[in-house]
Amino acid sequence: MLELGQKIASKLKLPAIIELVGDVGAGKTTFTRGLAQGLDISEPITSPSFTISKRYPFPLQQEKCCKNYNTSAKHGELIHYDFYRLSDPGIMGDELAETLQDQNSIVVIEWGGDVANLLPENHLRLHITLNSDGSRSITTNQPEIMDNLS
C-alpha cells in the first residue's frame, strides 16, 4: 500500500480527490502514508479517526508530483479525512465542500459514504479488499491510473 501511494502521487494532477473504500485494516491509512511519502511530506501520517481531518503541507515540485499546479503557490496541501465515527458529517461536510475548491490540494477521504454527494463524479475511488492471505486487491473507477503505474 505504501508503494501504491508513492506511485499514485507521481501521477496526480491538482486538484486531486481520492476516496478510499475498504474495511478496517484494509490499508487506507497506509496508502495515505505512501501518498505522503511520494509528495515529500516528512511529518508522520496518522489516522484522522478521532480528529476527522488532518492537513499536511507539501512542496510543489513538478518533477516529483502533480502534473499541473498553480506555479505561484509554493506549497500544496494533503488533507486527509476519516468520516468513520460520524453518523452525520454536519459541519465537517461543510469544511470538506470548501476544501474541495482548493486548486493546490490533494484530498483523501476514508469512509466517505455520507459525503458522497459532495464529491465530483470524476474523483478517484480505490476499493481495497484485504484477502485471506494478507494480500490486497484493489479496484478503481479509473483503471487507466492503475495501468500506468510502472
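Residues numbered from 1 in each chain as written. Predicted model: local features only at pLDDT ≥ 70, side-chain atom pairs only at ≥ 80, totals over all residues. Heavy atoms only, no water.

A. Here's a closer look at the overall build of the protein. Within the protein one finds four helices and six strands. For the protein, the N- to C-terminal ordering of α and β elements is α-β-α-β-β-α-β-β-β-α. Residues classed as buried in the protein amount to 43% of the 150 residues present. Sequence-distant contacts, at least 24 apart, represent 64% of the contacts inside the protein between residues at least 6 apart. Just so you have it, the protein exposes about 7900 Å², and 48% of that area is on carbon and sulfur atoms. (Helix = DSSP H or I, 4+ residues; strand = E, 2+ residues; numbered from the N terminus. Buried < 20%, exposed > 50% of the residue type's maximum accessible area, 1.4 Å probe, protein only. Contact = heavy atoms within 4.5 Å. Areas by Shrake-Rupley, 256 points an atom, 1.4 Å probe, with all protein chains shown as cover.)

B. Structural view of the nonpolar core. One finds Ile8, Ile18, Leu35, Leu78 and Ile106 to be the most contacted residues of the largest nonpolar core, which totals 23 residues. Of all the secondary structure elements, the ones that give two or more residues to this core are helix 1 (2-11), strand 1 (16-21), helix 2 (28-38), strand 2 (53-59), strand 4 (105-110) and strand 5 (124-130). Sequence-distant contacts of leucine 78, defined by excluding residues within four places in its chain, comprise Thr32, Leu35, Ala36, Leu39, Ile41, Lys54, Arg55, Tyr56, Phe58, Ile106 and Val108. Among the nonpolar cores identified, the runner-up in size contains 11 residues, and Tyr81, Phe83, Leu96 and Ile109 belong to it. (Core = buried A, V, L, I, M, F, W, Y, C linked by side-chain atoms within 4.5 Å.)

C. Highlighting the pattern of salt bridges. Summed over the entire model, instances satisfying the criterion amount to three salt bridges. A salt bridge links glutamate 19 to arginine 125, with the nearest nitrogen and oxygen atoms 3.0 Å apart. With glutamate 19 in strand 1 and arginine 125 in strand 5, this pair connects stretches of sequence that are 106 residues apart. Take arginine 125: its relative accessible area is 33%, and that puts it in the partly exposed class. Between glutamate 77 and arginine 55 there is a salt bridge, and its shortest N-O distance comes to 3.0 Å. In this pair, glutamate 77 is assigned in strand 3 (residues 75-82) and arginine 55 in strand 2, connecting sequence segments 22 residues apart. Taking the relative accessible area as the measure of exposure, arginine 55 reaches 37% and is therefore partly exposed. (Salt bridge = Lys/Arg side-chain N within 4 Å of Asp/Glu carboxyl O.)

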